[in-house]
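Listed below, chain by chain, are the residues.
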Amino acid sequence: MTIDSGTALRSRPATAPATAPLAGAAERDRVVEVLGDAFGAGYLTKEEFDERLDVATRARHRTELDVLLADLPAELRTSRDRARRRARKARAARLGVRIHAGVYAGTSLLMVAVWLAVGRAADVWYPWPIWPILGWGVGVLGHAVPVTLAVRASERRGKTFNSIA
């Protein structure tokens, strides 16, 4: 498998070493995305992109994929990884807030139900659930507000970085 496009890919062995790890579909897809970014940023000509795309879709080993990206700038190869990592962290942070708020809401409803049952049975209507609900509500807000602000700031940084790269 030889590519003659004026890049560092001129001569490559037709097969990877027997000990080379196999490439999976996800790895091939990632390389195709990076190649698309490189083409969009002007690092590759249309012919180079087409040749590398063809090799990437037929690659069986990781070493074949690594060679396709070897002469591209490192920041181009890692920008998608950073964006994915940032998105995973944002999803995890939002999920944590949702779980916290859900447990808060469920427990608050349970306390109100207990209050109603005790109030009806004993005919005593002191609104005691308000204190744990307010106290825990401050904790939920103390969790939700910083996470929301941090995720929004991270998304703004990500958009700015992607528009530059």
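Preceding this section is the structure that the text describes.
Model, not experiment: these values are computed from the prediction. (Residues numbered from 1 in each chain as written. Predicted model: local features only at pLDDT ≥ 70, side-chain atom pairs only at ≥ 80, totals over all residues. Heavy atoms only, no water.)

## Concerning the overall build of the protein chain
Then, number 1: Counting secondary structure elements, the protein chain contains 5 helices and 0 strands.
Then, number 2: Seen in sequence order, the protein chain has helices and strands lined up from the N terminus as α-α-α-α-α.
Then, number 3: Taking all 165 residues of the protein chain together, the buried fraction comes to 26%.
Then, number 4: Put simply, of all contacts in the protein chain between residues at least 6 apart along the chain, 67% involve residues at least 24 apart.
Then, number 5: Summed over its atoms, the accessible surface of the protein chain is roughly 10,600 Å², and 63% of this surface lies on carbon and sulfur atoms. (Helix = DSSP H or I, 4+ residues; strand = E, 2+ residues; numbered from the N terminus. Buried < 20%, exposed > 50% of the residue type's maximum accessible area, 1.4 Å probe, protein only. Contact = heavy atoms within 4.5 Å. Areas by Shrake-Rupley, 256 points an atom, 1.4 Å probe, with all protein chains shown as cover.)

## What to know about the environment of Pro-132
Then, number 1: Along the chain, the position of Pro-132 falls in helix 5 (residues 130-164).
Then, number 2: A residue is classified by how much of its surface remains accessible, and Pro-132, at 33% relative accessible area, is partly exposed.
Then, number 3: Considered as a pair, Pro-132 and Ser-108 are 24 residues apart in the sequence and their alpha carbons are 8.2 Å apart.

## A word on helix 3 (residues 62-69)
Then, number 1: Three or more residues of helix 3 are buried, namely Glu-64, Leu-65, Leu-68 and Leu-69. Projected down its long axis, helix 3 carries its buried residues within an arc of 135°, all on one side.
Then, number 2: The inward-facing, buried residues of helix 3 contact helix 1 (25-40), helix 2 (46-58) and helix 4 (74-122). (Arc of directions from axis to C-beta.)

## Focus: a nonpolar patch on the surface
Then, number 1: Residues Leu-110, Val-114, Val-118, Val-124, Tyr-126, Trp-128, Ile-130, Trp-131 and Leu-134 make up a contiguous nonpolar surface patch of roughly 880 Å² in combined accessible area.
Then, number 2: Elements with a contribution of two residues or more to the nonpolar patch: helix 4 and helix 5. (Patch = residues over 30% accessible without salt bridge, like charges linked within 9 Å, V, L, I, M, F, W, Y side chains within 5 Å. Salt bridge = Lys/Arg side-chain N within 4 Å of Asp/Glu carboxyl O.)

## As for unusual backbone geometry
Backbone geometry follows two general trends: most residues other than glycine have a negative phi, and most peptide bonds adopt the trans configuration.
Then, number 1: A positive phi angle is found at Asp-123, which is not glycine, with a value near 55°.
Then, number 2: Within the secondary structure, Asp-123 is located in the loop between helix 4 and helix 5.

## Quick look at the packing of aromatic side chains
Then, number 1: A complete count under the given rule lists 3 aromatic pairs for this structure.
Then, number 2: For the ring pair Phe-39 and Phe-49, a centre distance of 4.9 Å and an interplane angle of 20° mean the geometry is stacked. Taken together, the positions of Phe-39 in helix 1 and Phe-49 in helix 2 put the pair 10 residues apart, joining distant regions of the chain.
Then, number 3: The exposure class of Phe-39 is partly exposed, given its relative accessible area of 32%.
Then, number 4: Ring geometry for Tyr-104 and Trp-136: centres 5.6 Å apart, planes at 85°, overall edge-to-face. Pair noted here: Tyr-104 is in helix 4 and Trp-136 is in helix 5, with a separation of 32 residues, a long-range link. (Phe/Tyr/Trp six-rings, centres within 6.5 Å; stacked < 30°, edge-to-face > 60°.)

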